[in-house]
Amino acid sequence: MKRILTCIALILMMSQINAQSDYERAIGIRAGFDNGITYKQFITSVSAIEALAFFGNNSFNLTGLYELNNENAFQVDRLDWYYGGGGHIGFYTVDGEDGDSGSLLLGVDGIIGIEYNFEQAPINVSLDWKPQINLIGGSGFVGDTGALSLRYIF
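Residues numbered from 1 in each chain as written. Predicted model: local features only at pLDDT ≥ 70, side-chain atom pairs only at ≥ 80, totals over all residues. Heavy atoms only, no water.

## Let's talk about the layout of surface pockets
- Estimated volume of the second largest pocket: approximately 310 Å³.
- D34, S59, N61, L105 and Q132 are the residues nearest the centre of the second largest pocket, which is lined by 18 residues in total.
- The residue inventory of the lining of the second largest pocket, partitioned by class, reads eight nonpolar, nine polar and one charged. (1 Å grid on protein atoms, 1.4 Å probe; cavity = no way out; pocket = protein on both sides within 12 Å on 5 of 7 lines; lining within 4 Å. Points joined across faces, edges and corners; volume = space filled by probe spheres on them. Nonpolar A, V, L, I, M, F, W, Y, C, P; charged D, E, K, R; others polar.)

## Considering the pairing of strand β1 (residues 25–32)
- Pairing geometry for β1 and strand β2 (residues 36–42), over six bridges, is antiparallel. Of the residues in β2, the one forming a bridge with R25 is Q41.
- Pairing geometry for β1 and strand β10 (residues 147–153), over seven bridges, is antiparallel. In the sheet register, A31 faces β10, and the bridge partner there is L148. (Pairing = 2+ DSSP bridges. Helix = DSSP H or I, 4+ residues; strand = E, 2+ residues; numbered from the N terminus.)

## A short note on the environment of F42
- Along the chain, F42 falls in strand β2.
- For the pair F42 and E67, spaced 25 residues apart in sequence, the C-alpha to C-alpha distance is 9.0 Å.

## Focus on the confidence of the model for the chain
- Across the chain, the average pLDDT comes to 86, with 82% of residues at 70 or higher.
- Considering only residues more than four positions removed or in separate chains, one finds that residues 9–19, a stretch of pLDDT under 50, has 16 contacts. (pLDDT = per-residue confidence, 0-100. Contact = heavy atoms within 4.5 Å.)

## Digging into the packing of aromatic side chains
- Under the definition given, this model contains six aromatic pairs.
- For the ring pair W81 and Y83, a centre distance of 5.4 Å and an interplane angle of 25° mean the geometry is stacked.
- You can call Y83 buried: its relative accessible area is 10%.
- When the centroid spacing of 6.4 Å and the interplanar angle of 10° are considered together, the rings of Y152 and F154 count as stacked.
- Among the aromatic residues, ring-to-ring pairing joins Y39, Y152 and F154 into one connected group.
- Its guanidinium or amino end placed over the ring of Y82, K40 lies 4.2 Å from that ring's centre, counting from NZ or CZ. (Phe/Tyr/Trp six-rings, centres within 6.5 Å; stacked < 30°, edge-to-face > 60°. Buried < 20%, exposed > 50% of the residue type's maximum accessible area, 1.4 Å probe, protein only. Lys NZ or Arg CZ within 6 Å of the ring centre and 35° of its normal.)

Structure, rendered in structure tokens:
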């Protein structure tokens, strides 16, 4: 685990980040393995924070991410790519023999994705993969948490 974290840190330090965001903040919906809402706020021209809220049948989850953004993915204007990490906290209810019981989820998240910012409309579309590791509750590593997000830029 220590080697993986060291490799990630080296990659982040050696990356050539040259993005200039087309927007400051955006809010929208997130549809995928987890459905919810997303809010992204740039704090510099290349770094952003993103807050995600997921609502399930018997669960609620909040995720906070710090993301580094790079422009012109695949040499396509207005198509940017990003990566980062953060953490999540959540609650879920489990049906048991003695009635319902609640459990806490707490863990770390990674994210990598692409997003396109439309020039003629205040719309942003992103597609990402967001693996996570539950440190408390849940089942450890969860790798099936990608989603498509549609955001309104304001």
